[in-house]
Amino acid sequence: MNDTNTASPQLILALSKGRIFEDTLPLLSAAGIEVLENPETSRKLILATNDPAVRVLIVRASDVPTYVQHGAADFGVAGKDVLLEHGGEGLYQPVDLRIACCRMSVAVNAGFDYENAVRQGARLRVATKFVHTAREHFAKKGVHVDLIKLYGSMELAPLVGLSDAIVDVVSTGGTLRANNLVEVEKIMEISSRLVVNQAALKLKRERLQPIIEAFERASKLQG
Ligand code: PRT
Ligand code: MG
């Protein structure tokens, strides 16, 4: 998909299906870009837009930074949670898009006295997809933890005794409540960022800059 025609360079945008795709559509519209297919109904992983030079890759949310870092995509949209785990290497992060907002929190079984366990200096078993963020959080608090890496459905871990606590993203809190878990600590607010490949930003600046600016304007309006 590389293009050496510098007059009209191809632009590849990496997005994940679901909330990030949905929340990015109005920002793309503000930049004059309309995606021509719906990833929920199409099985295609490369989607066309009304601009023949712009295509959209559909990838897993946690893979967006990797595609952009390696230049397989020129730019993308990724949650701060995902970016903190990735490390952000090779990525320029010009705009907080203020979309897909949520928070990163610690949650435990309703009956578990988290504050007391922390006070007593207990060693906590913490299940999470976000091991980097969790490690940093508990290290700052001086709490000893055994981290258990999971790839999804973190809410299950305390229910079946796999862990004492989880670190996960929460938006409405409905999933925690449905599983009799309680949010005991907010680690940070999360929103999604525009990420741009550093080399692409230099080589395709003329094409990328107006899109970055349109995203920035549109995200301020909806923020
Ligand atoms: O689903 P997959 O494993 O492919 O990856 P993903 O979960 O990382 O992707 P996706 O599309 O679900 O989320 C993309 C980004 O959206 C995340 O990286 C976050 O930055 C952001 N975001 C915003 C959320 C939520 N809100 C959210 N609620 N990501 C996940 N959730 C989960 C939450 O953990 C819970 O299990 O959704 C469930 C419902 O949340 P409640 O609190 O509303 O019940
Ligand atoms: Mg998900």
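Conventions used here
Residues numbered from 1 in each chain as written. Chains lettered and ligands numbered in written order. Predicted model: local features only at pLDDT ≥ 70, side-chain atom pairs only at ≥ 80, totals over all residues. UniProt positions renumbered as here; feature names shortened; annotations may be inferred. Buried ≥ 20, exposed ≤ 12 C-beta atoms within 10 Å, placed from the backbone. Helix = DSSP H or I, 4+ residues; strand = E, 2+ residues; numbered from the N terminus. Pairing = 2+ DSSP bridges. Core = buried A, V, L, I, M, F, W, Y, C linked by C-beta atoms within 7 Å. Contact = placed C-beta atoms within 7 Å. Near = placed C-beta within 6 Å. Nonpolar A, V, L, I, M, F, W, Y, C, P; charged D, E, K, R; others polar. Domains from an automatic or database assignment.

For the protein chain, the name recorded in an unreviewed UniProt entry is ATP phosphoribosyltransferase, with Massilia forsythiae as its organism. Under the Pathway (unreviewed entry) heading, UniProt states for the protein chain: "Amino-acid biosynthesis; L-histidine biosynthesis; L-histidine from 5-phospho-alpha-D-ribose 1-diphosphate: step 1/9." On record in UniProt, under Catalytic activity (unreviewed entry), the comment for the protein chain is "1-(5-phospho-beta-D-ribosyl)-ATP + diphosphate = 5-phospho-alpha-D-ribose 1-diphosphate + ATP".

Turning our eyes to something else, we now look at the pairing of strand S1 (residues 11-15). Burial of S1 is extensive: five of the five residues sit out of reach of the surface. What you see with S1 is no split at all: Leu-11, Leu-13 and Leu-15 on one side and Ile-12 and Ala-14 on the other are buried throughout. In the sheet, S1 pairs with strand S3 (residues 54-58) via five bridges, with the strands oriented parallel. Paired with Ala-14 across the strands is Leu-57, a residue of S3. Both S1 and strand S4 (residues 75-79) contribute to a ladder of two bridges, which runs parallel. By the bridge assignment, Leu-13 is partnered in S4 with Phe-75.

Moving on, we get to the nonpolar core. Among the nonpolar cores identified, the biggest contains 37 residues, and Leu-13, Ala-14, Val-64 and Phe-75 are the most heavily contacted of them. Every element with two or more residues in this core is listed here: S1, helix H1 (19-30), S3, helix H2 (64-69), S4, strand S5 (91-96), strand S11 (192-197) and helix H9 (205-222). Considering every element that reaches this core, the biggest residue donor is S1, with five residues. When neighbours within four sequence positions are excluded, Leu-13 is seen to be in contact with Val-54, Val-56, Leu-57, Ala-73, Phe-75 and Gly-76. Counting 18 residues, the second-largest nonpolar core is a separate cluster that includes Val-106, Ala-107, Ala-127 and Val-167.

Taken together, 23 residues are adjacent to ligand 1, and Ala-61, Gly-79, Cys-102, Thr-172 and Thr-175 come closest. Contributing elements (two or more residues each) for the shell around ligand 1: H1, helix H3 (80-86), strand S9 (165-170) and helix H7 (174-178). Counting residues per element, the shell around ligand 1 draws most heavily on S9, at three residues. Taken together, the residues of the shell around ligand 1 break down into eight nonpolar, eleven polar and four charged. Of the domains in this structure, domain 1 (2-100 + 191-222) and domain 2 (102-189) are the two that each give at least three residues to the shell around ligand 1.

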